[in-house]
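Here is what each chain is made of, one letter per residue.
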Amino acid sequence: MIMIEVISMDHAQNWIDNKYLTFPQNMREKLENTEWRTATDAREWLDGEFEIEDLLYPEGTVQKNWSSIFPGLSIKN
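Analysis parameters
Residues numbered from 1 in each chain as written. Predicted model: local features only at pLDDT ≥ 70, side-chain atom pairs only at ≥ 80, totals over all residues. Heavy atoms only, no water. Salt bridge = Lys/Arg side-chain N within 4 Å of Asp/Glu carboxyl O. Helix = DSSP H or I, 4+ residues; strand = E, 2+ residues; numbered from the N terminus. Buried < 20%, exposed > 50% of the residue type's maximum accessible area, 1.4 Å probe, protein only.

Draft legend 1. Just the pattern of salt bridges, in detail. Inspection of every chain in the model, using the stated rule, returns four salt bridges. With its nearest N and O atoms 2.8 Å apart, the salt bridge here joins Asp41 to Arg37. In this pair, Asp41 and Arg37 are both assigned in helix α4 (residues 34-46), four residues apart and thus about one turn of the helix distant. A salt bridge links Arg37 to Glu44, with the shortest nitrogen-to-oxygen separation between them at 3.3 Å. The class for Arg37 is partly exposed, based on a relative accessible area of 30%. Sharing partners across several salt bridges, the network here consists of Asp10, Arg43 and Asp47.

What follows is the structure, encoded as structure tokens:
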């Protein structure tokens, strides 16, 4: 849901930091925070830093052919 919110609302990184990080986390260079990382990944995808497959399958172990799962689905940047 976090990714969908960031992508659909085109939230900026500043908005993401303010929403998902506490002040101490922000001052410690963004400690491990899964909600923040998820939102930041979505923002980086919007910025064209990596492909949708990298966002959905970061470990690179699973390759999906979306057209076989959802016929007629077209995923575009």
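Draft legend 2. Representation of the environment of Ala12 within the structure. With respect to the secondary-structure elements, Ala12 resides in the loop between α1 (2-9) and α2 (13-20). In this structure the C-alpha to C-alpha distance between Ala12 and Arg43, which are 31 residues apart in sequence, comes to 7.1 Å.

Just geometry here; none of it tells us what the structure is for.
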